[in-house]
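Coordinate analysis (summary)
Residues per chain, in single letters:
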Amino acid sequence: MQTTLESPPAWKVYLSRWGWGLGTALVLLVLVLWNYAQNPTSTEAVLASTVRQSTPLVLGALCGLWGERAAVINIGIEGQMLLAAFIGFLVNVWTGNLFLAVVAGVLTGAVLGALLAFMSVTLKIDQIIGGTVINILALGLTGYFYQQGLTTHGKLQAIPLGALAKIPLIGPVFFDNPPITYLTILLVFFSHYLLFYTRWGLRTRAVGEHPRAADTLGVDVYLMRYANVIFGGAIAGLAGAFLTLEAVGSFERAMTNGRGFVALAVMIFGKWTPLGSWGAALLFGFATAMQTQLQFAGLNIPHQFIGMLPYLLTIIVLAGFVGRARPPAADGVPYEKE
Amino acid sequence: MSETLALEVRNITKRFPGVLANDRVNFTLHKGEIHSLLGENGAGKSTLMNIIYGLYSPDEGEFFIDGQRVEIKNPHDAITRGIGMVHQHFMLVPVFTVAENIILGSEVTRGFTLDMTRARKEIRALSQEYGLEVDPDAVVEDLPVGIQQRVEIVKALYRQAKILVLDEPTAVLTPQEAEDLFRIMRHLTERGVSIIFISHKLKEVLEISDRITVMRRGKVVGTTTPAETDESGLAAMMVGRQVVLQVEKGPAHPAEPVFAVRDLRVLDERKLEAVRGVSFQVHAGEILGIAGVQGNGQTELAEAITGLRRVEGGAITVDGAPVPDRDPRFLFERGMGHIPEDRQKHGLVLPYPVADNLALVAYYKPPFADGIQRNDAAIMENAVRLIDEYDIRTPGPLVPAGNLSGGNQQKVIVARELSRHPRFLLANQPTRGLDVGSIEYIHKQMVAARDNGAAVLLISAELDEVMSLADRIAVIFHGQIVAVVKPGEVTKEQLGLMMAGTPAEEVL
C-alpha cells in the first residue's frame, strides 16, 4: 500500500545528484591551490588554457542540450561548428570585419539547425541520420571550397576586465579573455536561467519529456522543437567562430577535430544541464591543457598517448562510468500529432 | 431549457479511413450533472470526447457552450471555453513537480521568471476549495496513480474548467481510490462543474450518474437515468442484445492436482519480498481464483510461475515434477496456457500481424515451422480458423495486432492459448479494460476450458469476476494467502474486507 511519499530534503537530493561532481571539483581545487603555491606561472597558464579549451566544448554541449531538451538529438554539432568556422573565416577574409564574421558563423549554425529541425521534426527522419547528413555536408563543402594560404585579418583579442583581471590566479584565468569566451560563460548562466526558471524552459522540457501532454495543454510542440534546435545551432555556430576567429586565426580542413562529438559526451556528463555541462567541459578542457603541459614537461611517454587523454575521458564518460544520467524521456522520438 | 445546458453537440460525424467513428451524434450536458457515456470498446466514446476537446476535428457538426455556438479547433480553444479533460493515459510529465505540471501552458510569470510562489499558492487554494489534496512540490512520478489523477483534475480546474471530461478514470484505480474519485466528483458538481464520465463498468455508471447515454458503433443508442434501468438493461443497450452478466456454469468436477506451488517466495523490483510463502494446488477441472487488491504480489506470483522472475524459495511443481527456475518454455511445452496481465506488453507483439501472433507460442515447431523456415500456409490456415472460431474482429489475418481494439487483442491471446487445449491455464486479469460483450465471451471460454479438464488459475482484482468464475477463492494480501473460501460461502463484502487486510477469523 502506497501512501503519500515524503520527499527527502532538497540538499540531500542535490548531493546525491551532484555529489560526485562536487567531490571531484573539491579535489581538483585543492590540487590547483597546492600547485599554485609551488609554481604560480605554470598553474595560471594551465588554467587559462583550460578555460580556452573548454569554450568550444561547452558551446557544443549547450547546442546539444537545447536540442535534446526538446527531444531532438543533434549529432551534427561537429558539422555545424565546422561550416560555421569556415563561413565565419571567409566573411572575415572578404570584409576584414571580425564582428560580421562572428555573426556569419552564428547564422550558419542557425541555418544548419533549421535544416536539422526540418529533417527531424517535419520529415521525421531518423535523427542520427539527419545529424550525419549535416556532418558530411559540412565536411564536403568546407573541403571543396577550402583554399590554402588564406589568413584572417587579425583575431579577437583578450579584453582584461580592469581590476578583476589583477586578482591572483582567478584574474588571468577568468577575467582576461577574448569576447567569445566571456560570452560563453554568460551563455552558460543564461541557459541555466532560461531552462529552469522561465516559461520557455518549462515548455521546452515538457516537449522533451512528454510532448503529447504539452500538446493537450496548447503548447506548440513543433514550434518549440524548431526554435530550440535553431537556437542550439546558433550556439554551435558561435563555437565554430571561436575556432577560426578567436583561437587559431585561420581555417584548416576538419579543424573541429571531433570537438562536436566530445561536446555530446560533455553534455551527458553534465546530465543535460548547462551548469553541469560547464563543469564537465572544464574537466575536458583541463585534460587537453594538461596534455600540452605534459608534452612540454619532457616526460618519457610518447606524446600520442598523452594526446589521447581527452578522448579516453570521453569513452569513460560515455561508457556510463559516472553513474546513470537520465536523458529526456522523448529524446530522439519524432512527434506525431493525432 | 437551453440556459441550463453547459454543452450541447449536434450531429457530430467523424470518419476515419474505413470507419464511421461518430455518426450524427447528439449529446447534451446539463450544468452540474454527471452524465455518463457508456459503450463497448470502439463504440466512438473516445472519438467524441477527443472532438469535444479539439484533438480531432469533426467532419460535420456543431458545438454549443452555454447556448452559444462555438468553434473548437484545438485543445487551446477547448481550454479557453472552459473544457478540461482527464485522459485515460495521464498527460503528466513524470519528472516535473505537481506545480510545474499544473501550470504548463498557462504559466504565471513575473517578468520573464516563472512565479512558482504564486502558482503554489493558487494550487493550494484550489486544492482546499475542491477537497483535492495535492502537494505542489511532489514529483509526479513518485505519486500513486490515484493522486496523479487528482493532479490531472486540479490541472483542469486551474484552467477554470466548467466542463470536465473523465475518460475511463477508474480503469487504473483500486476500489478505494475509485470511491475517493466519486466523492470528489460529487463535490465538484456541487460547485457547478459539469462532468462527462466515460466508463464501461456498469455498476459504477449506475452509482454515480445523473444521466447515462449509451453509444454503439458510432451512434447514440439512447439516454436514460439510473432509476429507469439496471445493469442488464444497460448491457443490452451497449451490445445490442441480451447479455448474460452472470456466468453460466455447472458445478466443478475437480480431479487430480495438476499444478502446485509450495511456500513460494519471490522478490519484487525493489528487492522486497512480494510473495511471502504462498502455497496452493490447482486441480484438473477447477478454477482457482486468486483475489486481491492490485499490488499484493499477484504480478510477481504470475511472473514466477511463468519463469519470468526468479524464485527465491519454495517450489513450483506440475504433475508432481519440479519446474526449473526461469525457463519460460518449460511449462509451455508441458501444456500451460498463459493469458498475461498486460496484453500489449507481454501477450502480443503489436506490430506483428494477427496471424503471427496466433502462432507465437509454437512458432518453432511443426506445423508452423518447417525445419528452419516458417510454414506460412500453416500459419495462415491456423489464423483463419481461429479468427472465425473465436470471433476475432479484424479486417484480416495480416493486419498488425496493434490495430485491433483492446477486446479483440485479448481474444487473439485467448484464442492462441485455449486452442492448444492447455492442461493448466494461468489467466491474469483476463478481462481488464474490456467491455461486457468481450468479458462474457472470455468467461465462457474459460469455463469451457475447465469443463474440458484444464486446471485454471485465475488472478483478478475484480470481485465480481472472481465470485462468478472461481470454484475456490484464495485471498491474497501482502504476498500471503490469508484465506481459501468457496464463492457460495462468503459475501462480496466479506471478501472485500479480507482483501483489504482484515483477518479471516474476524470476517468469517
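Residues numbered from 1 in each chain as written. Chains lettered and ligands numbered in written order. Predicted model: local features only at pLDDT ≥ 70, side-chain atom pairs only at ≥ 80, totals over all residues. Heavy atoms only, no water.

Regarding the overall build of chain A
Rules: Strands are runs of DSSP state E lasting at least two residues, helices are runs of H or I lasting at least four, and both sets are numbered from the N terminus onward. Note that the radius of gyration is over C-alpha atoms, with the globule rule given as 2.2 Å times the number of residues to the power 0.38. Partly exposed residues are those whose accessible area sits between 20% and 50% of the maximum for their type, while under 20% is buried and over 50% is exposed, using a 1.4 Å probe and protein chains only. We call two residues contacting when some pair of their heavy atoms lies within 4.5 Å. Positive residues here are Lys and Arg, negative ones are Asp and Glu, while His and the chain termini are left out of the count. Where a charge lies is defined by one atom per residue type, namely NZ (Lys), CZ (Arg), CG (Asp) and CD (Glu).
Tallying secondary structure elements over chain A gives 14 helices and two strands in all. A compact globule built from 338 residues should have a C-alpha radius of gyration of about 20 Å, and chain A, at 21 Å, falls within 12% of that. Overall size of chain A, expressed as C-alpha extent along the three principal axes, is 60 × 55 × 40 Å. Counting across all 338 residues of chain A, residues that qualify as buried make up 50%. Look at the contacts in chain A between residues 6 or more apart in sequence, and 76% of them connect residues 24 or more apart. Mean positive and mean negative side-chain charge positions of chain A (18 and 14 charges, respectively) differ by 4 Å.

Observations regarding the environment of B:R385
All names here are of chain B. Quick note on the threshold: Pairs of N or O atoms are called polar contacts if they sit within 3.5 Å, as long as, within protein, a hydrogen donor faces a hydrogen acceptor (for residues adjacent in sequence, only side-chain-to-side-chain pairs).
Relative to the helices and strands, R385 is located in helix α13 (residues 376-389). For R385, a relative accessible area of 38% corresponds to the partly exposed category. Here N382 takes part through its side chain, which lies 3.3 Å from a polar atom of the side chain of R385.

Quick word on the packing of helix α7 (residues 179-197) of chain A against helix α10 (residues 221-248) of chain A
Residue and element names in this part refer to chain A. Selection rule: Axes here mean lines fitted to C-alpha atoms, for a helix over just the part in contact, with angles spanning 0 to 180 degrees between N-to-C directions. By definition in this entry, angles of less than 35 degrees are roughly parallel, angles greater than 145 are roughly antiparallel, angles of 65 to 115 are roughly perpendicular, and the rest are oblique. Should the near helix be turned anticlockwise from the far one by less than a right angle, the crossing is termed left-handed; should it be turned clockwise, right-handed. Polar here means any residue outside two lists: the nonpolar Ala, Val, Leu, Ile, Met, Phe, Trp, Tyr, Cys and Pro, and the charged Asp, Glu, Lys and Arg; Gly therefore counts as polar.
Across the interface, α7 lies against α10 with an axial gap of 10 Å and an inter-helix angle of 165 degrees. The angle between α7 and α10 falls in the class roughly antiparallel. For the crossing formed where α7 meets α10, the hand is left-handed. Across the interface between the two elements, P179, I180, T181, L183, L187, F190 and L194 of α7 pack against F231, I235, L238, A241, F242 and E246 of α10. Class assignment of the residues belonging to the contact of α7 with α10 gives a composition of eleven nonpolar, one polar and one charged.

Details of the pairing of strand β10 (residues 194-199) of chain B
Residue and element names in this part refer to chain B. The condition is simple: What makes two strands pair is DSSP finding at least two bridges between them. Seen with its strands pointing away from the viewer, a crossover is right-handed if its path from the first strand over the helix to the second goes clockwise.
Burial analysis of β10 places six of its six residues in the buried class, the great majority of the element. The two faces of β10 match: S194, I196 and I198 on one face and I195, F197 and S199 on the other face are all buried. Pairing of strand β3 (residues 34-39) with β10, which is carried by five bridges, proceeds in the parallel orientation. Looking at β10, one finds that H35 is bridged to I196. Of the pairings in the sheet, the one linking strand β9 (residues 163-167) to β10 comprises five bridges and is parallel in character. Note that in β10 the partner of L166 across the bridge is F197. Taken together, β9, helix α6 (residues 175-190) and β10 form a β-α-β motif whose crossover is right-handed.

Examining unusual backbone geometry
All names here are of chain B. Omega for the bond connecting P366 with P367 falls within 30 degrees of zero, at 5 degrees, which places this linkage in the cis form. Even without being a glycine, D263 presents a positive backbone phi close to 50 degrees. Inspection of the secondary structure puts D263 in strand β13 (residues 257-267). The backbone of D319 sits at a positive phi, close to 50 degrees, despite the residue not being glycine. Tracing the backbone shows D319 in the loop between β16 (311-318) and β17 (321-322).

Examining the sheet that holds strand β21 (residues 424-428) of chain B
Residue and element names in this part refer to chain B. Ordered by their spatial adjacency, six strands build an open sheet running β18-β21-β22-β15-β23-β24, and the pairing between neighbours is mixed. The sheet is open, and its two borders are formed by β18 (336-339) and β24 (480-485), each paired with just one other strand. Strand-to-strand twist across the sheet, computed as the mean angle between neighbouring axes with direction ignored, equals 15 degrees. Looking at chain direction, β21 and strand β22 (residues 455-460) are connected through five bridges and run parallel. Residue pairing for β22: F424 is matched across the bridge by A455. With respect to the sheet, helix α15 (residues 436-451) is in contact with β15 (287-291), β21 and β22, its orientation differing from that of β22 by roughly 150 degrees. Here helix α17 (residues 492-499) sits on the sheet and contacts β15, β23 (472-477) and β24; the angle it forms with β23, its principal contact strand, is near 35 degrees.

Side note on the domain arrangement of chain B
All names here are of chain B. Applied cut-off: Residue ranges assigned to the domains are those given by an automatic or database domain assignment. Once two parts are joined, some of their accessible surface, as seen by a 1.4 Å probe, is lost; buried area is that loss totalled over both. What counts as a salt bridge is simple: a side-chain nitrogen of Lys or Arg found within 4 Å of a carboxyl oxygen of Asp or Glu.
Under the domain assignment, chain B is made up of domain 1 (2-239), domain 2 (244-335 + 422-508) and domain 3 (348-420). Between the C-alpha centres of domain 2 and domain 3 the distance comes to 26 Å. On the domain 3 side, the residues contacting the 13 residues of domain 2 number 15 residues. Interface area, domain 2 with domain 3, both sides summed: about 1200 Å², of which 62% is carbon and sulfur. Counting the surface domain 2 buries against domain 3, the share from its top three residues, F332, P422 and Y441, is 39%. Taken together, the connections running from domain 2 to domain 3 amount to one salt bridge. Applying the counting criterion to the domain 2 and domain 3 interface returns seven residue pairs in polar contact (both at pLDDT 80 or more).

Details of the nonpolar core
To keep it simple, the criterion reads: What makes a nonpolar core is a set of buried Ala, Val, Leu, Ile, Met, Phe, Trp, Tyr and Cys residues whose side-chain atoms join them at distances within 4.5 Å.
One finds B:I153, B:M185, B:L188, B:I195 and B:F197 to be the most contacted residues of the largest nonpolar core, which totals 65 residues. Examining the composition of this core, we find that seven residues originate from one element, helix α5 (residues 145-158) of chain B, more than from any other. In this structure, A:V93, A:L116, A:L194 and A:L264 belong to the second largest nonpolar core, which totals 64 residues.

Quick word on the sheet that holds strand β4 (residues 60-65) of chain B
Residues and elements named next belong to chain B. As summarised here, the arrangement of the four strands in space is β2-β1-β4-β5, forming an open sheet in which the pairing is antiparallel. Of all the strands in the sheet, the pair left with one neighbour each is β2 (19-30) and β5 (68-70). The sheet shows a mean angle of 20 degrees between the axes of neighbouring strands, direction not considered. Bridging between strand β1 (residues 5-16) and β2 involves eight bridges; their strand directions are antiparallel. Across the sheet, residue L7 finds its bridge partner in β2, namely L29.

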